[in-house]
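Each chain, written out:
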Amino acid sequence: METEDHIRLTSPELTALWTAYMNNSMSYCVLKYFKEKTHDTEISDVLELAIEITETMLQDIKTIYKKENHAIPVGFSESEDLNLNAPALYSDEFHLRYVHNMARHGMNSYGSSFASCARSDVKNIISNAIDLTRNLYNKSLNVLLEKGLYNKAASIPIPTKPEFIEKQGYLAGWFGENRAMNAIEIMHFYNNMERNSVGKALLLGFGQTAGQQKVRNYMVRGANIADKVIEFMRQFYLKRIFPIPLP
């Protein structure tokens, strides 16, 4: 019979650990570079907190891997993937926006992972990651607000009475007759526009500096895809005569 300390890791738990390890190893390198090039002390403090979180996560995950005699994944490394002497590619403002977006999506990812895990030590790591990432999100948000850099999503009229969908053709508004977007759709559109805007800028910078032409080509291709997604969403907003948010 398996005890709590010897329950085999399930595939969702292995997935959660591997995904978190790879993401944090990459984030560590990116964040160290950003911090080295940041001049604003408040933004630098946000980056320092983000770096500390990645270090905590990497160490905690390694502890479980060693306990299970599991091979340590080959993630991104400071020796091979980080060049602190490279010239600055982005502004301090972009560094802050990057952290804020990564914190937002980190909470979503960790929340999904937590709901798929049962073993207590894995749940503890993921639960701690959610708490740490929430703190990072709040800190980055506060700095954005203080500096007047936070872009709010579009507002909609406050409903004065409940309304119900009365026709099955409600979804047809996406392809035929235009209808007003609902709040959930606006939220997802805005988040996707913001994520793709940050991703496009990141890919363009790396596409100009990567050491291998093949890698540069992938980066440029990714930036072009992000640009097409952003333009599609802008046009979608315009067709509905809706205020276009500017991430």
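Structure's up top.
Report on the accompanying structure.

Thresholds, definitions, all that
- Residues numbered from 1 in each chain as written.
- Predicted model: local features only at pLDDT ≥ 70, side-chain atom pairs only at ≥ 80, totals over all residues.
- Heavy atoms only, no water.
- Phe/Tyr/Trp six-rings, centres within 6.5 Å; stacked < 30°, edge-to-face > 60°.
- Helix = DSSP H or I, 4+ residues; strand = E, 2+ residues; numbered from the N terminus.
- Buried < 20%, exposed > 50% of the residue type's maximum accessible area, 1.4 Å probe, protein only.
- Axes fitted to C-alpha atoms, helices over the stretch in contact; angles between N-to-C directions.
- Parallel < 35°, antiparallel > 145°, perpendicular 65-115°, else oblique.
- Left-handed = near helix turned anticlockwise from the far one by under 90°.
- Nonpolar A, V, L, I, M, F, W, Y, C, P; charged D, E, K, R; others polar.
- Salt bridge = Lys/Arg side-chain N within 4 Å of Asp/Glu carboxyl O.

Evaluation of the coordinates by the stated rule reveals 7 aromatic pairs. Pairing F34 with F94 gives two aromatic rings, centres 6.2 Å apart and planes at 80°, and the pair type is edge-to-face. With F34 in helix 1 (residues 11–37) and F94 in helix 4 (residues 92–114), this residue pair connects regions lying 60 residues apart in the sequence. Pair check on accessibility: F34 and F94 agree, each one buried. Every member of this aromatic cluster is reached through a ring pair, and the members are Y33, F34, Y90, F94, Y98 and F206.

Right, let's get into the packing of helix 4 against helix 5 (residues 120–146). In the contact formed by helix 4 and helix 5, the axes pass within 8 Å of each other and the chain directions differ by 155°. With respect to helix 5, the element helix 4 is oriented roughly antiparallel. For the element pair helix 4 and helix 5, the recorded crossing hand is left-handed. Its residues assigned to classes, the contact of helix 4 with helix 5 shows 14 nonpolar, 7 polar and 4 charged.

Applying the stated criterion to the full structure yields 10 salt bridges. Among the ionic pairs, E194 bridges to R104, the shortest N-O distance being 2.7 Å. Here R104 lies in helix 4 and E194 lies in helix 6 (residues 183–209), a separation of 90 residues in the sequence. For E194, a relative accessible area of 4% corresponds to the buried category. A salt bridge links D227 to K200, with the shortest nitrogen-to-oxygen separation between them at 2.8 Å.

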